[in-house]
Amino acid sequence: MAWFAEMRRRNVFKVALLYAISSWLIVWFVGAIQSDVVLPNWTETFTYFVLIAGFPIALWFAWTYEFTPSGLRKADEVDQTQSIVYKTGQKLNSAMAVLVVLGVLAVFGQRLLPKFEFLVPGIPEGAAPVSDKAPAEIRSLTLSNGLEIVVWPDHDIPNVAMYTYVRAGGRNEYPGITGLAHFFEHLMFLGTENLEPGEFDRISEAAGGRINGSTSPDVTIYRDWFPKSALETIFQLEADRFQNLELYADAVQSEREVVYSERRSSVDNNNFQKLHEQVQATAFVAHPYQFPVIGWPSDIESWTEEDLHRFYRTYYAPNNRTVVIVGDVTTEEVFGLAEKHFAPIPAQPQPEQVRTVEPEQVGARRVVVKAPAQAPLLHVAFHSGTASDPQTLRMSLLLDILTAGESSRLHRRLVEDEGLALSVGAWVDEGFDPGLTYFYLTLPPGGDLEGAERRLLEELALVASEGVSEQELTKARNILLAEYWRDLATISGKTGALGDFEVFHGDYEWLFNRPADAEAITTESLRQVAAEVFVENNMTVGALVAPDDEGVE
Amino acid sequence: MSALRTMLVLVFAGLGGTALAQGVTLPEYHFVELDNGAVFILTEKRDVPLIGVTAKIRGGAVTDSNDKSGLSRLFAEMLEKGAGERDAGSFAEAVDSVGARLSAHSGLESITISGEFLARDADLLVELLADMLRTPILSKAEFAKLRDRNADLLRAAKDGDLRSLTSVYGNAWLFGEHPYGNPIGGDESSLEGLRHDDLLDHYQDFVGADRLVVSLVGDFDATEMINQLTAAFSDWRRAAQPLPEFDAPAPEQGRRVLLVDKPGATQTYFWVGNVGVAYGYGQRAELDIANTLFGGRFTSLLVDEMRTKAGLTYGVRSVLVRPSLPGSFAIVSYTKTESTVVALDLALELLTRLRVEGFDDELITSGKNYILGQFPPRLETASQLASQFAALQAAGLDESYINDYGAAIAGAASEDIHAVISSAYPSPDDLVFVIIGDAELIRDDIAKYGPVTEMAITEPRFRPQP
């Protein structure tokens, strides 16, 4: 009993009670804040752990030490006659009274504690579009860590599309790590510190979601399509893999094999890609656009773990990403979830800019690929502009005139009238750096490569000298307008269109200016772009022929 | 195990309990049937200024005789080569110049014209559609050009990624002389044999109002559109010949292997299957759940084991083709030449595992959620809806096929799914194999799968010459 009385004298029980009351208040406080937005997920568990661990320490402290007028002393060393434990006890009583009052106030009137509110920011509203052409319900927001988010609520179907653009692609690679950006598109499904390989997909699909990814020379895009009921699940999954990716050695090795398999079917056993890879590598001598996005085989074999870690840290940081969400959501719920799950991910230093500028080409280049083939292929590429260069929209309209549909110039002349080709197509690269305008023709077996090339170049020269007709321009504008509405007919089309403009043009609102931009283009400006780009010195020609074919030089 | 992981697992345990009961209901529609048998189905939809159109002529590739495979497809493509007052060039110009799309293809059991127009061009849409069907030019010169180009395109396709051709070889090898075995686009040799008269006969015999269904969805006035369509088609003739009737293909007993030699290929493509089910199969929901879990999504058994765990392939699927009579079931994949046998063995082992073990309740719920969650985007646009309405009508199904589907998926019982697995999937002892690759390197190793027949990829057909 003497021991019990001594415990009482040393205020051990009061400390225990005070500790309990304080703990209860802290837990309540953390819970209150976390249910809103500011703390990471593990905070609550962590708090419990600290508080429970601290309890015996507090008791031991109360028993061992004692406050005296000269400071903290070991209780055993204090002269009992000088002891002020009684006063300390009174202070503890007062503290407990204050905390109890605080607690009651807190629980029965959270709103009565305005002093906490600065810690609990409301959900940001985001910025509305400036242009009156853009739908007024769109909102955009940049989180404190630099992550950009664009939301377009659309309640047509009970689904959501969420695209994450990572500003990392083939252009961020160098010899030795080619294909790495594309490999990440695979790695990002292969497990995190919290989820084992395969669990990401399992959780997403079990919630009704579907995913994929794609890599270009400029960006890697991660796409989620899911029912609205899965919204927070997808936020959790995406937040997790963008901060906790784990490189499990076995999974990484097996995935190298998968990428090899992808390379085999999409390049090695595919004549079109086989030739495209060589033309790309020939057209660019300095800029990393020369690397195949899937990577050179030797590099696929030899990326190191350090390469992977560095790439992830640098390019997968929130300040290097843009997230676009369209579908059956409200901006409030999306921004709330973004603050909760995405905002805690720390920013990283901005990745280094790609410094290399492709020097001007000063003479035509040629590359020949020999491969088993019944049908020869002809590719012709010219250096052109960036996505946001005004020239690129003009080129895109011009290519519609030249190759879109069976009424297009090149199809009519080379395919229908002259039978030089089985098909002809073209695209213009729309990237961060100046890319290519690219023509591709499939010739009939035994076809005339020289003749096809000559006729193609004649037609391009004709555009550069004579231009196009007003009717042809109207047709190209109509094709663009129909494409525009087709994109806006689905939530995934809207997501991709918003994302492309936000990332490559710097502002999603430009999307809604597209029809007007096309309207403002003249036939003369199309002639000019043809005259600037379709120049022999600016050209790379690739031909794919069977090994025994002697018909090409 | 960290806190986040615990939390995620908890969240998903909660989600895993019940299927999200969320179906899709087709919109209300106008249904018109003319005296000559032509059917129109229309729905207004005005979210964007577009009109989607699908027209179907029942018939398709099954009307082609064995030696004339590709005729129906060629006929369909000829519909784009000039009609009414427009020759091929001006027809294409009329479509392209307004930014529209309008194309015709033939499938196994119907010819399909599908298109998308800006709303302001609705009149042109009806005009072009009526011209295509009622007054196609079917010019002899265009026919010869298209026929030869299609044959060349097949040769070019054999140089490219063979994923698209694997199932053509597969169906030809499985169904043999049955119409379901005919390559829809023909082969180089059958195309060569087609004559202009065949084309004209096909038009008279198998194309007419009694085979036609037109579905339009989008930004237009339905009443006015019905009047226009009626005026355009009410006096059209019927098809001269009845649709051919044939027996359901019998499932294959035992095994046989077709090896298609592509010298120098670094990769082997394979198709392993047997006769499956028809679209009228009574337990469609149960089968869809089973097939989704077996090889219809990324975390399916096949992808998980063959791609994610073993790294043997970039893609593997379990494919069900469901026409009016039982079609094909197949496991389709590809792998590097050296792992041909490993990959095939694993595929067979997984088929056995499917039939023996089936799926637990948690997976079944996951499969249901996946199907239901991915269903609404498939019927989101005017074009998708038009295509769905036309497909239902051509197949003789009503809208309950879509409207009741969500509930059927959500309500499917585990024992019924397992019963479907035992009856709809073949035993590994009864399988037909198509293996395309470098024969020299794999010939001996694949002999263990059954008696092997060999052909070269350059042979101008998709099945070995008898």
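Conventions adopted
- Residues numbered from 1 in each chain as written.
- Chains lettered and ligands numbered in written order.
- Predicted model: local features only at pLDDT ≥ 70, side-chain atom pairs only at ≥ 80, totals over all residues.
- Helix = DSSP H or I, 4+ residues; strand = E, 2+ residues; numbered from the N terminus.
- Buried ≥ 20, exposed ≤ 12 C-beta atoms within 10 Å, placed from the backbone.
- Contact = placed C-beta atoms within 7 Å.
- Core = buried A, V, L, I, M, F, W, Y, C linked by C-beta atoms within 7 Å.
- Pairing = 2+ DSSP bridges.
- Axes fitted to C-alpha atoms, helices over the stretch in contact; angles between N-to-C directions.
- Parallel < 35°, antiparallel > 145°, perpendicular 65-115°, else oblique.
- Nonpolar A, V, L, I, M, F, W, Y, C, P; charged D, E, K, R; others polar.
- Domains from an automatic or database assignment.
- Expected span 1.5 Å × (residues − 1).
- Bend = angle between axes of the 7 residues up to and from the residue.
- pLDDT = per-residue confidence, 0-100.

**Side note on the overall build of chain B**
Broken down by element type, chain B carries 18 helices and 14 strands. Dimensions along the principal axes, computed over C-alpha positions, put chain B at roughly 65 × 55 × 40 Å. Here chain B holds 466 residues, and the buried ones make up 53% of them. For chain B, the share of sequence-separated contacts (at least 6 apart) that also reach a separation of at least 24 residues comes to 82%.

**Observations regarding the overall build of chain A**
When you go through chain A residue by residue, the secondary structure sums to 19 helices and 13 strands. Seen along its three principal axes, the alpha-carbon backbone of chain A occupies a region of about 115 × 50 × 40 Å. The buried share of chain A, taken over its 553 residues, is 44%. Of the contacts made within chain A by residues no fewer than 6 positions apart, 77% connect residues no fewer than 24 positions apart.

**Observations regarding the nonpolar core**
Of all hydrophobic cores here, the largest spans 126 residues; its most connected members are A:L398 and B:L129. Considering every element that reaches this core, the biggest residue donor is helix 4 (residues 122-134) of chain B, with eight residues. Filtering out sequence-adjacent residues up to four positions away, B:L129 remains in contact with B:V53, B:A55 and B:I113.

**Here's the deal with the sheet that holds strand 8 (residues 212-218) of chain B**
Residue and element names in this part refer to chain B. Within the open sheet, the six strands sit side by side as 1-2-8-3-7-6. Their pairing is mixed. At either margin of the open sheet sits one strand with a lone partner, and together these are strand 1 (30-33) and strand 6 (101-106). Strand-to-strand twist across the sheet, computed as the mean angle between neighbouring axes with direction ignored, equals 10 degrees. As paired elements, strand 3 (residues 50-58) and strand 7 (residues 110-118) share nine bridges and run antiparallel to each other. Looking across to strand 7, one finds that K56 is bridged to T112. Lying over the sheet, helix 4 contacts strand 3, strand 6 and strand 7, oriented at roughly 160 degrees with respect to strand 7.

**Things to note about the packing of helix 10 (residues 284-296) of chain B against helix 13 (residues 361-374) of chain B**
All names here are of chain B. Running from N to C, helix 10 and helix 13 cross one another at 100 degrees; their axes reach a closest spacing of 9 Å. With respect to their mutual orientation, helix 10 and helix 13 come out roughly perpendicular. Residue-level contacts link D288, I289, T292 and L293 of helix 10 to L363, I364, G367, K368, Y370 and I371 of helix 13. Of the residues contributing to the contact of helix 10 with helix 13, the split by class is six nonpolar, two polar and two charged.

**Notes on the domain arrangement of chain B**
Residues and elements named next belong to chain B. We note that the domain assignment places domain 1 (30-233) and domain 2 (255-456) within chain B. Taking the mean C-alpha position of each, domain 1 and domain 2 sit 28 Å from one another. Only strand 2 (39-44), strand 3, strand 7, helix 6 (163-175) and strand 8 provide two or more residues apiece to the side of domain 1 that touches domain 2. When grouped by side-chain class, the residues that make up the side of domain 1 that touches domain 2 number 15 nonpolar, eleven polar and six charged.

**Concerning the sheet that holds strand 9 (residues 255-261) of chain B**
Read across the sheet, six strands follow the order 11-12-10-13-9-14 (chain B) without closing on themselves; strand pairing throughout is mixed. For this open sheet the edge positions go to strand 11 (316-320) and strand 14 (452-456) of chain B, each flanked by a neighbour on one side alone. Looking at each pair of strands side by side, their axes are set apart by 15 degrees on average, direction ignored. The pairing of strand 11 of chain B with strand 12 (residues 328-336) of chain B spans five bridges and is antiparallel. Considered in strand 12 of chain B, the bridge of B:R317 is made with B:V332. In this fold helix 8 (residues 249-268) of chain A packs onto strand 10 (267-275) and strand 12 of chain B, with an angle of close to 100 degrees to the strand it touches most, strand 12 of chain B. Packed on one face of the sheet, helix 12 (residues 340-357) of chain B meets strand 10, strand 12 and strand 13 (431-437) of chain B and runs near 150 degrees to strand 12 of chain B.

**Looking at helix 4 of chain B**
The α-helix advances 3.6 residues per turn, and as a result positions three or four apart in sequence lie on the same side. Taking 1.5 Å per residue, 13 residues should reach 18 Å; helix 4 of chain B reaches 18 Å between its end C-alpha atoms and fits that length. Close packing links the buried residues of helix 4 of chain B with strand 3, strand 4 (82-83), helix 3 (88-96), strand 6, strand 7 and helix 9 (222-233) of chain B.

**Considering the interface of chain B and chain A**
Between chain B and chain A, the contact holds 65 residues from the first and 68 residues from the second. When contributions to the side of chain B that touches chain A are tallied by element, the ones reaching two or more residues are helix 1 (3-16), helix 3, strand 7, helix 5 (140-159), helix 11 (301-309), strand 12 and helix 13 of chain B. Residue composition of the side of chain B that touches chain A, grouped by class: 27 nonpolar, 20 polar and 18 charged.

**Topic: the packing of helix 13 (residues 390-403) of chain A against helix 14 (residues 409-417) of chain A**
All names here are of chain A. It is the contact of helix 13 with helix 14, at a shortest axis distance of 3 Å, that shows an interaxial angle of 30 degrees. Here helix 13 contributes I401, L402 and T403 to the contact with helix 14, which in turn contributes R409, L410 and H411. Classifying every residue of the contact of helix 13 with helix 14 by side-chain character gives three nonpolar, two polar and one charged.

**Quick look at the pairing of strand 8 of chain B**
Residues and elements named next belong to chain B. For strand 8, a buried count of seven out of seven residues is recorded, marking the element as mostly surrounded by other parts of the structure. Strand direction decides the pairing type here: strand 2 and strand 8, joined by six bridges, are parallel. Counterpart to E44 in the pairing with strand 8 is G218. As paired elements, strand 3 and strand 8 share seven bridges and run antiparallel to each other. In the sheet register, T54 faces strand 8, and the bridge partner there is S215.

**Some points on the pairing of strand 6 (residues 210-215) of chain A**
Residues and elements named next belong to chain A. Sheet analysis places strand 6 next to strand 7 (residues 220-227), joined by six bridges and oriented antiparallel. Bridge pairing in strand 7 places G213 opposite Y222. Linkage of strand 6 to strand 7, two consecutive antiparallel strands, is achieved through a turn of four residues.

**Digging into unusual backbone geometry**
For A:N11, which is not glycine, the phi dihedral falls at a positive 65 degrees. The topology assignment puts A:N11 in the loop between helix 1 (2-9) and helix 2 (12-35). With 23 C-beta atoms counted inside 10 Å, the residue A:N11 sits in the buried group. Not every positive phi belongs to a glycine, and B:L138 is a case in point at roughly 50 degrees. Position of B:L138 relative to the elements: it lies in the loop between helix 4 and helix 5.

**Regarding the domain arrangement of chain A**
Looking at chain A, the domain boundaries give domain 1 (2-119), domain 2 (139-342) and domain 3 (365-545). Averaged C-alpha coordinates put domain 1 of chain A and domain 3 of chain A at centres separated by 73 Å.

**Some details on helix 3 (residues 43-64) of chain A**
Along its 22 residues, helix 3 of chain A runs 31 Å from first to last C-alpha, staying within 8% of the 32 Å computed at 1.5 Å per residue. At A:F55, helix 3 of chain A is bent by approximately 30 degrees, the largest bend along its length, and proline A:P56 sits one to four residues beyond.

**Focus: the confidence of the model for chain B**
All names here are of chain B. Of all residues in chain B, 95% attain a pLDDT of 70 or more, and the chain-wide mean is 93. Note on residues 1-21: pLDDT under 50 across the span, and 39 contacts to partners over four residues away in sequence or across chains. Scoring the predicted complex yields pTM 0.84 and, for the interface, ipTM 0.88.

**So, the environment of A:D268**
The residue A:D268 is located in helix 8 in this model. Judged by C-beta crowding, with 19 C-beta atoms within 10 Å, A:D268 ranks as partly exposed. The sequence separation of A:D268 and A:L143 amounts to 125 residues, and the corresponding C-alpha distance is 43 Å. Excluding its chain neighbours within four sequence positions, the residues that come into contact with A:D268 are A:R263, A:K274 and B:T266.

**Quick notes on the environment of B:S97**
As for its position among the elements, B:S97 is in the loop between helix 3 and strand 6. With residues up to four places along the chain from it excluded, the contact list for B:S97 reads A:Q471, A:K475 and A:N478.

**Things to note about the environment of B:S422**
Residues and elements named next belong to chain B. Locating S422 in the fold gives a position in helix 17 (residues 414-424). Judged by C-beta crowding, with 12 C-beta atoms within 10 Å, S422 ranks as exposed. On a C-alpha basis, the gap between S422 and T292 in space is 16 Å, while along the polypeptide they are 130 residues apart.

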